[in-house]
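Chain by chain, the residues:
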Amino acid sequence: MKNQKALLIIDMQKGDFTPITRRFDAENVIKRINQLAKLFRKAKMPVIYIQHDGTAMGEFVKNTPDWELLDTLNVEATDIRIDKYANDVFYNSKLQSKLIELNVSELFITGSATDFCVESTVQSAITKNYNITVVSNAHTTGDRPNLSAKQVIDHYNWVWQNMIPTKGNIDVTPFEEIKNNLNKI
């Protein structure tokens, strides 16, 4: 029976956080992710770091500095690391089989970039009937040609709150509320 919660931390990699690719509120997003990861570990729930492996396209090449997780993330030896090869974390990766193995039915989604990999993963997880909580202030992106990063984040938080899920549920909840709920576990 699937009943476990898991924290997904998507693409928090050095190559995605540079002076050229600035991310909105990055320092605070990282702090929230670190605090969530600590709470998940304390509750014996999986913490899963997703890293984009763009070797086939010549970017985010595995085991290069761009591919590495940010130094400011508190990664533990017990955390799970999974490579991804497209915006959708589930596409041709080991994520789905790992979630089945761990009996995970509820995903807490964080990371970068809101409008690409986070969005694609939310959409994919919905079709796989997961219960989803997007941590509304623990995902980030950069400014886009016609929208600021804050506008993009606000837009997707609104979209996700108004989506029609399949068999699961979707919630968009701020870190502080999730933290309070996890502290009760």
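Please refer to the structure higher up on the page.
Cut-offs and rules
Residues numbered from 1 in each chain as written. Predicted model: local features only at pLDDT ≥ 70, side-chain atom pairs only at ≥ 80, totals over all residues. Heavy atoms only, no water. Phe/Tyr/Trp six-rings, centres within 6.5 Å; stacked < 30°, edge-to-face > 60°. Helix = DSSP H or I, 4+ residues; strand = E, 2+ residues; numbered from the N terminus. Buried < 20%, exposed > 50% of the residue type's maximum accessible area, 1.4 Å probe, protein only. Pairing = 2+ DSSP bridges. Axes fitted to C-alpha atoms, helices over the stretch in contact; angles between N-to-C directions. Contact = heavy atoms within 4.5 Å. Salt bridge = Lys/Arg side-chain N within 4 Å of Asp/Glu carboxyl O.

Colleague: Account for the packing of aromatic side chains, naming residues and giving values.
Modeller: Inspection of the entire model under this criterion finds 3 aromatic pairs. Aromatic pair F40 and F108: ring centres 5.3 Å apart, planes at 70°, arrangement edge-to-face. With F40 in helix α1 (residues 26-42) and F108 in strand β4 (residues 104-112), this pair connects stretches of sequence that are 68 residues apart. Here F40 falls in the buried class, since its relative accessible area comes to 0%.

Colleague: Explain the pairing of strand β3 (residues 80-84) to me, using residue names and the numbers behind them.
Modeller: Counting buried residues in β3 gives 4 out of 5 residues, a clear majority hidden from the surface. As judged from the 5 bridges shared by strand β2 (residues 47-52) and β3, these two strands associate in the parallel manner. Looking across to β3, one finds that Q51 is bridged to D83.

Colleague: Requested: an account of the sheet that holds β2, with residues and values cited.
Modeller: If you trace the 6 strands from one edge of the open sheet to the other, you get β3-β2-β1-β4-β5-β6, paired in parallel fashion. The sheet is open, and its two borders are formed by β3 and β6 (170-173), each paired with just one other strand. Averaged over all pairs of adjacent strands, the angle between their axes in this sheet comes to 25°, without regard to strand direction. In the packing of helix α3 (residues 114-127) onto the sheet, contacts are made with β1 (4-10), β3, β4, β5 (131-140) and β6, and the angle to β4 comes to roughly 170°. Against the sheet, helix α4 (residues 149-161) contacts β5 and β6, and its axis sits at roughly 170° relative to β5.

Colleague: Tell me about the pattern of salt bridges, residues and numbers included.
Modeller: Evaluation of the coordinates by the stated rule reveals 12 salt bridges. Among the ionic pairs, K5 bridges to E106, the shortest N-O distance being 3.6 Å. Of this pair, K5 sits in strand β1 while E106 sits in strand β4, and the two are 101 residues apart along the sequence. Assessed through its relative accessible area of 24%, K5 is described here as partly exposed. Measuring nitrogen to oxygen at the nearest pair gives 2.7 Å for the salt bridge that ties D79 to R41. Of the two residues, D79 sits in the loop between β2 and β3 while R41 sits in helix α1, which places them 38 residues apart along the sequence. Exposure remark for D79: the relative accessible area of 9% places this residue in the buried category. Each of K14, E68 and D71 takes part in one network of salt bridges that share partners.

Purely spatial values, then, with no claim about function.
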